[in-house]
Amino acid sequence: MSLDSDLRGAGRMAARVAGFGTSIFSEMSALARSHGAVNLSQGFPDFPSPEWIRTAAEQAIAADLNQYAVSHGSPRLRQALAAQEAAAYGLDYDADREVTVTSGATEAIFAAMLALVNPSDEVIVFEPCYDSYVPGIEMAGGTARYVRLDAPGWQFDPAALEAAVTPRTRLILLNTPHNPTGKVFTPAELETVADLCRRHNLIAVTDEVYEHIVFPPATHVPLATLPGMRDRTVTISSTSKTFSLTGWKIGYAFAPPDLSDAIRRVHQFVVFCSVTPLQEAMATAVEQAPGRGYYAEFLADYATRRDFLYSALDQAGLHPQQPQGAYFTMCDVTHLGFADDVAFARYLTTEVGVAAIPPSAFYHTPPPQQLARFCFAKNPQTLQAAADRLAAWRR
Ligand SMILES: Cc1ncc(COP(=O)(O)O)c(C=O)c1O
């Protein structure tokens, strides 16, 4: 083999990453760019982030808070997060021993898998699931066991959940509010999961990054609030979605001391610490958000966007489902007769000029339906442009 082909080939890649392709998010965004499509595929806001939080970051940089932070997070931010979790959910965490700041929820999930899963352990995940979960489980040497959330209501079969438990099951990974379906797990569903964890002595890792985007009458209930769950749950969330600052990558994990200690052992050798001035700015954000009425306004804006996109998709005959939480709308496009959801997403991007995500990317075993996921974390002009193109297509 020549040096050149050796450099390009997969031969030098470690086996543990050889199976990971380019993510569908990068692929659809590239296709949207090359065809001038309105990009409702990737899940980040295109509207301005809060100015008062950006100013806090500028001030932190100007005050020269620019050296390494404490590895497990700025004390001020950990304190603010602990106070918020207590006020919102009645969950008391010790900011010193039970709160860890990470580089996004993505790092917290990855660190939790490396910290808690032994080679040959099994991890139960609900599918469809966020794309970083299974690579995290597999890089820890574990194996994912899937339990299906069934369209259109996205319920799971409790018997299927029970059947997924084996002597090797170590933990269960749960995302609520859920990407891509918009499902918010109900208290009864959470109790089914909690009961399973208690009976089989499982750890739960929850991804709650959309906790502030829950549309009434749905309510967000952290699994850790259920009886017996606080001491076996790692609750992961992030400031990315809550403060529309996804590029800052400030996430965090609440967990009892032994689980926090394990996560911190990974975190210290992956990044050591998250970005210092941005942690300070996020401390300001978490401290001041309730007093500024931030969360209510934030949710009201999302409700308007959700309703606008639902109506545009409905009028275009795309059979949308109104989400209970998060910022995605799922459509069932089976009736349009495409070969698969990827073919539909490509068609919509290149021919109609609106980019969506084909949700098969979130499945181990794709579902019988053909689905499409549209993101409504967009400014009104972007959503209007998408609505205009969809209307022109279906006229
Ligand atoms: C379910 C879910 N978890 C985690 C993340 C990543 O969060 P962060 O930006 O904090 O890494 C996302 C982002 O899209 C997500 O949808």
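Criteria and thresholds
Residues numbered from 1 in each chain as written. Predicted model: local features only at pLDDT ≥ 70, side-chain atom pairs only at ≥ 80, totals over all residues. Heavy atoms only, no water. Axes fitted to C-alpha atoms, helices over the stretch in contact; angles between N-to-C directions. Helix = DSSP H or I, 4+ residues; strand = E, 2+ residues; numbered from the N terminus. Parallel < 35°, antiparallel > 145°, perpendicular 65-115°, else oblique. Left-handed = near helix turned anticlockwise from the far one by under 90°. Contact = heavy atoms within 4.5 Å. Nonpolar A, V, L, I, M, F, W, Y, C, P; charged D, E, K, R; others polar. Pairing = 2+ DSSP bridges. Salt bridge = Lys/Arg side-chain N within 4 Å of Asp/Glu carboxyl O. Buried < 20%, exposed > 50% of the residue type's maximum accessible area, 1.4 Å probe, protein only. Core = buried A, V, L, I, M, F, W, Y, C linked by side-chain atoms within 4.5 Å. pLDDT = per-residue confidence, 0-100.

## Let's talk about the packing of helix α6 (residues 104-116) against helix α11 (residues 257-270)
Orientation of α6 relative to α11, taken along the N-to-C sense of each, is 115 degrees, at an axis distance of 8 Å. Put simply, α6 runs roughly perpendicular to α11. For the element pair α6 and α11, the recorded crossing hand is right-handed. Counting all contacts with α6, which are made through Glu-107, Ala-111, Ala-112, Leu-114, Ala-115 and Leu-116, the residues of α11 involved are Leu-259, Ala-262, Ile-263, Val-266, His-267 and Val-270. Here the contact of α6 with α11 is composed, by residue class, of 10 nonpolar, 1 polar and 1 charged.

## Focus: the sheet that holds strand β12 (residues 371-375)
Taken together, 3 strands build an open sheet; the order of strands is β9-β10-β12 and the sheet is antiparallel. Two strands close off the open sheet at either side, each with one partner strand: β9 (320-321) and β12. Sheet analysis places strand β10 (residues 328-332) next to β12, joined by 5 bridges and oriented antiparallel. Each residue of the ladder has a partner; that of Met-330, found in β12, is Arg-373.

## Quick notes on the pattern of salt bridges
Side chains bearing opposite charge may pair, as long as their charged atoms lie close to each other. For the coordinates displayed, the defined rule picks out 16 salt bridges. Arg-145 is paired through a salt bridge with Glu-122; the nearest N and O atoms lie 3.7 Å apart. You can see Arg-145 sitting in strand β4 (residues 143-148) and its partner Glu-122 sitting in strand β3 (residues 122-127), a full 23 residues away along the chain. By relative accessible area, Glu-122 is classed as buried at 11%. For Asp-307, the salt bridge identified is with Arg-306, shortest N-O distance 3.4 Å. Taking the relative accessible area as the measure of exposure, Asp-307 reaches 39% and is therefore partly exposed. Counted as one network, the salt bridges with shared partners bring together Arg-76, Glu-280 and Glu-287.

## Digging into the environment of Ala-57
Inspection of the secondary structure assignment puts Ala-57 in helix α4 (residues 51-62). For the pair formed by Ala-57 and Pro-277, sequence separation is 220 residues and the distance between their alpha carbons is 5.8 Å. If we skip the residues at most four places from it in the chain, Ala-57 touches Trp-248, Pro-277, Leu-278 and Ala-281.

## Structural notes on the sheet that holds strand β7 (residues 233-238)
Strands sit in the order β2-β8-β7-β6-β5-β3-β4 across an open sheet of 7 strands; the sheet is mixed. Strands at the two margins of the open sheet, each flanked by one partner only, are β2 (99-103) and β4. Averaged over all pairs of adjacent strands, the angle between their axes in this sheet comes to 25 degrees, without regard to strand direction. Bridge count for strand β5 (residues 169-175) against strand β6 (residues 203-207) is 5 bridges, and the pairing is parallel. Pairing of Ile-172 across the sheet is with Ala-204, part of β6. Contacts between helix α9 (residues 187-200) and the sheet are confined to β3, β5 and β6, with β5 contributing the most and set at about 165 degrees to the helix.

## Focus on the nonpolar core
Formed by 89 residues in total, the largest nonpolar core has its most connected members in Phe-243 and Phe-374. Residue contacts for Phe-374: discarding those within four places in its chain leaves Leu-40, Leu-309, Leu-313, Leu-318, Tyr-327, Phe-328, Thr-329, Cys-331, Leu-348, Val-354 and Ala-356. Core analysis: the next-biggest nonpolar cluster, separate from the first, contains 27 residues, Trp-154, Val-165, Leu-174 and Met-229 among them.

## Re the side chain of Gln-321
Its place among the elements puts Gln-321 in strand β9. Relative accessible area serves as the criterion here: at 16%, Gln-321 is assigned to the buried category.

## Focus: the confidence of the model for the chain
A residue-level look at the chain finds 97% of positions with pLDDT of 70 or above and a mean pLDDT of 95. Of the regions scoring below 50 in pLDDT, residues 1-6 engages in 2 contacts with residues more than four places distant in sequence or in other chains.

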